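Chain by chain, the residues:
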Amino acid sequence: MAFFVVQLQFDLAETDERLAVRPAHREYLDELKQAGKLVAAGPFTDQTGALLVYNVADEAELRDILAKDPYTPADVYQLALLTEWQPVHGFPEA
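Read on for an overview of the structure. Everything numeric here is computed off the predicted structure, so don't read it as measured data.

A separate point is the pattern of salt bridges. Under the counting rule described, the total for this entry stands at three salt bridges. One salt bridge connects Lys-37 with Glu-61, and the closest N-O pair in it is separated by 2.7 Å. Of the two residues, Lys-37 is situated in the loop between α1 (15-34) and β2 (38-43) and Glu-61 in helix α2 (residues 59-68); the sequence distance between them amounts to 24 residues. The partly exposed category is assigned to Glu-61, whose relative accessible area is 21%. Close ionic contact of Arg-63 with Glu-59 constitutes a salt bridge, the shortest N to O distance being 2.8 Å. Here Arg-63 and its partner Glu-59 are both found in helix α2, four residues apart, which amounts to about one turn of the helix. Take Glu-59: its relative accessible area is 37%, and that puts it in the partly exposed class.

Attention now moves to the nonpolar core. If you look at the biggest cluster of nonpolar residues, it comprises 22 residues, and the most contacted ones within it are Val-6, Leu-52, Tyr-54 and Leu-62. When residues of this core are traced back to their parent elements, those giving at least two are β1 (2-10), α1, β3 (49-56), α2, α3 (71-74) and β4 (77-85). Among the elements that line this core, the one with the most residues is β1, at five residues. Among all residues touching Leu-52, those that are not within four sequence positions of it are Phe-4, Val-5, Val-6, Leu-8, Leu-29, Leu-38, Ala-40 and Ala-41.

On to the packing of aromatic side chains. This model, assessed by the stated rule, comprises two aromatic pairs. When the ring of Phe-3 is compared with that of Trp-85, the centres are 6.2 Å apart and the planes differ by 75 degrees; the resulting orientation is edge-to-face. Highlighted residues: Phe-3 in strand β1 and Trp-85 in strand β4, separated in sequence by 82 residues. Classification of Phe-3 by relative accessible area gives buried; the value is 8%. Overall, the relative accessible area of 33% leaves Trp-85 in the partly exposed class. Centre to centre, the rings of Phe-10 and Tyr-71 are 6.1 Å apart; their planes meet at 90 degrees, and the pair counts as edge-to-face. Within this pair, whereas Phe-10 is found in strand β1, its partner Tyr-71 is found in helix α3, the two being separated by 61 residues in sequence. Across the pair, Tyr-71 and Phe-10 agree in class, each one buried. Between the NZ or CZ atom of Arg-18 and the centre of the ring of Phe-10, over which it lies, the distance is 4.1 Å.

The rules behind the values
- Residues numbered from 1 in each chain as written.
- Predicted model: local features only at pLDDT ≥ 70, side-chain atom pairs only at ≥ 80, totals over all residues.
- Heavy atoms only, no water.
- Salt bridge = Lys/Arg side-chain N within 4 Å of Asp/Glu carboxyl O.
- Helix = DSSP H or I, 4+ residues; strand = E, 2+ residues; numbered from the N terminus.
- Buried < 20%, exposed > 50% of the residue type's maximum accessible area, 1.4 Å probe, protein only.
- Core = buried A, V, L, I, M, F, W, Y, C linked by side-chain atoms within 4.5 Å.
- Contact = heavy atoms within 4.5 Å.
- Phe/Tyr/Trp six-rings, centres within 6.5 Å; stacked < 30°, edge-to-face > 60°.
- Lys NZ or Arg CZ within 6 Å of the ring centre and 35° of its normal.

Structural data, given as structure tokens:
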């Protein structure tokens with residue numbers, strides 16, 4: 001398993017659409033959390049984007065997860081960052 005950090009940058013012109021899709025997005029994240037695939041997630045306080053930490057087999061699995069996120073077909077964000085991460089503190093596996 002590998003940790004990945006994903007930063008989303010919201011399309012501010014699509015705020016109404018994003019808010020309409022957000023309940024389905026959060027339900028999907030809840031499912032991922034229960035499955036052990038999502039470690040942490042949340043929006044930035046200025047609502048311009050979000051940060052998510054995943055624990056997945058590899059980047060291919062993560063990209064599949066992102067493709068299935070309701071935010072993706074709604075086209076309400078851009079992927080600002082997707083990188084494998086090596087936690088040193090704060091995680092049991094570290």
